[in-house]
Amino acid sequence: MTNGTPLLELKHIHQIYTSGTRKFTAVEDVNLTVQEGEYVALLGPSGCGKSTLLRILTGLQKPSEGMVLYRGQPLEGVNPHATIVFQTFALFPWLTVLENVELALKARGIPPSIRTPRALDLIDRVGLDGFENAYPRELSGGMRQKVGFARAMAVEPELLCLDEPFSALDVLSAESLRGELLELWTSGSIPTKAILMVSHNIEEAVFMADRIVIMDKEPGRILAELEIPLAHPRQRQSDEFRALIDDVYALLAGQTQPESVELGAAPGEIGRVRSLPDVHIGDLTGLLEHLAEKPGDRDDIYRLTEELTLDSDHVLRLTETAELLGFVTVAKGDIELTPLGETFAEASILARKEIFASRIRRLPLVRWLIGMLQRAEKHSLKSEVVKVALELEFPPEEAGKQLETLIQWGRYAEILAYDDSDEEIYLESTPEKVAV
Ligand code: ADP
Ligand code: MG
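The residue numbering used here restarts from 1 in each chain and proceeds along that chain's sequence as written. To read the labels, note that chains go from A and ligands from 1, taken in the order they are written. For this predicted model, a pLDDT threshold of at least 70 governs which residues receive local features, and a threshold of 80 or more governs which side-chain atom pairs are given and counted, while totals over whole chains, interfaces and linings are taken from all residues. The basis for the side-chain values is all heavy atoms of the structure; hydrogens and waters are excluded.

### Describing the pattern of salt bridges
In what follows, salt bridge is the name for a side-chain nitrogen of Lys or Arg lying within 4 Å of a carboxyl oxygen of Asp or Glu. All told, the structure shown has 28 salt bridges when counted by the stated rule. Here Lys217 makes a salt bridge to Asp297, at a shortest N to O gap of 3.5 Å. Highlighted residues: Lys217 in the loop between strand S9 (211-216) and strand S10 (221-227) and Asp297 in the loop between helix H9 (281-292) and strand S11 (298-300), separated in sequence by 80 residues. Just as Lys217 is buried, Asp297 falls in that class too. Ionic pairing is found between Glu336 and Arg298, a salt bridge with its closest N-O pair at 3.2 Å. You can see Glu336 sitting in strand S13 (residues 334-337) and its partner Arg298 sitting in strand S11, a full 38 residues away along the chain. Here Arg298 falls in the partly exposed class, since its relative accessible area comes to 38%. By the criteria applied, helices consist of DSSP H or I runs no shorter than four residues and strands consist of E runs no shorter than two, each listed in order from the N terminus. Each residue is assigned to one of three classes by its accessible area relative to the maximum for its type, calculated with a 1.4 Å probe on protein chains only: buried under 20%, partly exposed between the two thresholds, exposed over 50%.

Structure, rendered in structure tokens:
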């Protein structure tokens, strides 16, 4: 499949916008190729130019510079072979589900004898059987989005573009719609040749796509690409899946040093054991949110002490933690969010826990504690036992602090549970395996 002409090519795409008198580069030198048969996800923080790229590649917008090729031909005007599904799909409130889906076909001059059965079939396939004659107001957000999918697919686009199609939905609707889309795609029951999905949800991208294109903002550009060589249906709890998620995090965090150097050793291993900074999660999220509101997502470290009304020692510990987790980079007295830090600051509470959990599972001390708990009877240990083990590495007072931080971080990440009354640490019930 890859030896033919690519379905879509973006060459040296630049987009400059002017707002008032200010000119800024929203997209800088983007090069991207999509082959037939590929499901590609564009992943990046808001404002990195994902929607702009979708508009450019479907011909809705002309780039300031660069070229779009479709099947090897320069794209002129709107691409009739591409369709976009937006975050919230606008349906006509006075038309029924069936009429809304049929509308797209009617606009293309397809007669009722063909369009009605095709629309009915799609409504069935997205899981809306029985709602053909319902009006949009009678539907939940998830169901309305399904109508949007059916309408987009009714015209049988070769290139299906999805702009954060699940992000306005509740968790359950989003999950069921993802499943239905994957089913349609992997079963080959739609004539769509390629899917390009914009997302800022890391797990969603790894769950759905064959390849992830990772972007950063200011200026919007491509940082890296990552193949996801897993068959569908993908198992979110599998080691391979978690490892790929971690790879995405590492790319977003701009990790440069090998983990062993960056993170230190676990107790009992050769090398220095790096202690965990004594930091509360609430303060850490406060710092990241604060940076996300700054121009360029960066600030002077010394200024943070004033702005956050914290002493400088505390600010340094926070900075160290954020750096350790890959949420910021620090250079010449400046602290700046990485794309992963931006993603965290924008994420929902659940998604934040997910990101945090993935990042701390890499830390040797956390890995060490999870390993001990996995080997322990009932996957639990008295906190005193863990403290004694930590005292082999740290002075008693420091060991106590390390234990407190481990429990606090592990609880937030929902890796650990801790029962105050009997001072027992438990591994949370999800049997997450640690990749060593
Ligand atoms: P994303 O979809 O990744 O959130 P967008 O493509 O919507 O990013 O926007 C990229 C940047 O360009 C943002 O800073 C946004 O404010 C700006 N932008 C987008 N569209 C326009 C426009 N039509 N005019 C001026 N600025 C725009
Ligand atoms: Mg967007």
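### Let's talk about the sheet that holds strand S16 (residues 424-427)
Strands are treated as partners if at least two bridges between them are detected by DSSP. On the basis of which strands lie adjacent, the open sheet formed by three strands has the order S14-S16-S15 and antiparallel pairing. With one partner strand each, in any of the chains shown, strand S14 (380-382) and strand S15 (416-419) form the two edges of the open sheet. Averaged over all pairs of adjacent strands, the angle between their axes in this sheet comes to 20°, without regard to strand direction. For S14 and S16, the ladder comprises three bridges, and the chain directions are antiparallel. Note that in S16 the partner of Leu381 across the bridge is Ile425. Fitting a line to C-alpha atoms yields each axis, with helices limited to the stretch in contact; the angle taken between N-to-C directions then spans 0 to 180 degrees.

### Thoughts on the side chain of Ser383
Relative to the helices and strands, Ser383 is located in helix H15 (residues 383-390). What makes two residues a contact is simply this: any of their non-hydrogen atoms within 4.5 Å. Ignoring any residue separated from it by four or fewer positions in sequence, one finds Ser383 in contact with Leu403, Tyr418, Glu423 and Ile425.

### Side note on the nonpolar core
Only buried Ala, Val, Leu, Ile, Met, Phe, Trp, Tyr and Cys residues count toward a nonpolar core, and they belong to the same one when joined by side-chain atoms within 4.5 Å. If you look at the biggest cluster of nonpolar residues, it comprises 110 residues, and the most contacted ones within it are Tyr39, Ile212, Phe327 and Phe356. In terms of nonpolar packing, the next biggest core, distinct from the first, is built from 26 residues, Tyr70, Ile84, Cys161 and Val213 among them.

### Observations concerning the state of the cysteines
Defined by distance alone, a disulfide is two cysteine sulfur atoms within 2.5 Å. Scanning the entire structure with this criterion turns up zero disulfides. Free cysteine Cys161: the closest other cysteine sulfur is in Cys48, separated by 15 Å.

### Side note on helix H1 (residues 50-57)
With six of its eight residues buried, H1 lies for the most part within the structure. Listed as buried for H1 are Lys50, Thr52, Leu53, Leu54, Ile56 and Leu57. Just beyond H1, the residue with positive phi is Gly59, at close to 85°.

### A look at a negative patch on the surface
By definition, no residue in a patch forms a salt bridge, and every one has over 30% relative accessible area; like charges are joined within 9 Å, nonpolar side chains (Val, Leu, Ile, Met, Phe, Trp, Tyr) within 5 Å. Per-residue accessibility takes into account occlusion by the displayed protein chains alone, with areas from the Shrake-Rupley method and a 1.4 Å probe. Under this rule, positive means Lys or Arg and negative means Asp or Glu; His and the chain ends count for nothing. Note on charges: their place is set at NZ of Lys, CZ of Arg, CG of Asp or CD of Glu. On the surface, a cluster of negative charge is contributed by Glu384, Asp420, Asp422 and Glu423. Of note, Glu384 is situated in helix H15.

### Regarding the packing of helix H7 (residues 239-252) against helix H13 (residues 349-361)
At a minimum axis distance of 10 Å, the contact between H7 and H13 shows a crossing angle of 95°. Viewed along their axes, H7 and H13 adopt a mutual orientation that is roughly perpendicular. The residues of H13 that touch H7, namely those facing Arg242, Ile245, Asp246, Tyr249 and Ala250, are Glu354, Ile355, Ser358, Arg359 and Arg361. For this scheme, ten residues count as nonpolar: Ala, Val, Leu, Ile, Met, Phe, Trp, Tyr, Cys and Pro. Four count as charged, namely Asp, Glu, Lys and Arg, and the remainder, Gly too, count as polar. Tallied by class, the residues present in the contact of H7 with H13 amount to four nonpolar, one polar and five charged. Angle categories: roughly parallel below 35 degrees, roughly antiparallel above 145, roughly perpendicular from 65 to 115, and oblique for all the rest.

### Considering the site of ligand 1
In the region of ligand 1, the neighbouring residues are Tyr17, Phe24, Ala26, Pro45, Ser46, Gly47, Cys48, Gly49, Lys50, Ser51, Thr52 and Arg55. Two N or O atoms form a polar contact when they lie within 3.5 Å of each other; inside protein one atom must be a possible hydrogen donor and the other a possible acceptor, and for residues adjacent in sequence the pair counts only when both atoms belong to side chains. Here Tyr17 contributes a side-chain N or O atom positioned 3.5 Å from a nitrogen atom of ligand 1. Thr52 is positioned with one of its side-chain polar atoms (N or O) 2.5 Å from an oxygen atom of ligand 1. Considering ligand 1 on its own, with 560 Å² of exposed area, one finds that the protein chains cover 63% of that surface. At the level of elements, strand S2 (22-34) and H1 are the ones that each hand at least two residues to the shell around ligand 1. Per element, the largest residue contribution to the shell around ligand 1 is four residues, and it comes from H1. Split into classes, the residues belonging to the shell around ligand 1 amount to five nonpolar, five polar and two charged. Near, as used in this document, describes a residue that has one of its heavy atoms within 4 Å of the molecule or strand being considered.

### Examining the domain arrangement of the protein chain
The start and end points of each domain follow an automatic or database-based domain assignment. Per the domain assignment, the segments of the protein chain are domain 1 (6-252), domain 2 (277-358) and domain 3 (363-427). Listed by partner, the interface residues are 15 residues for domain 1 and eleven residues for domain 2. Counting the surface domain 1 buries against domain 2, the share from its top three residues, Pro45, Tyr249 and Leu252, is 43%. Taken together, the connections running from domain 1 to domain 2 amount to two salt bridges. At the boundary of domain 1 with domain 2, the tally comes to three residue pairs in polar contact (both at pLDDT 80 or more). Elements with a contribution of two residues or more to the side of domain 1 that touches domain 2: helix H6 (202-208), S9 and H7. A total of five residues in the side of domain 1 that touches domain 2 trace back to one element, the largest contributor, which is H7. A class-by-class count of the residues in the side of domain 1 that touches domain 2 yields seven nonpolar, two polar and six charged. Summed over both partners, the accessible area (1.4 Å probe) lost when two parts come together is defined as the buried area.

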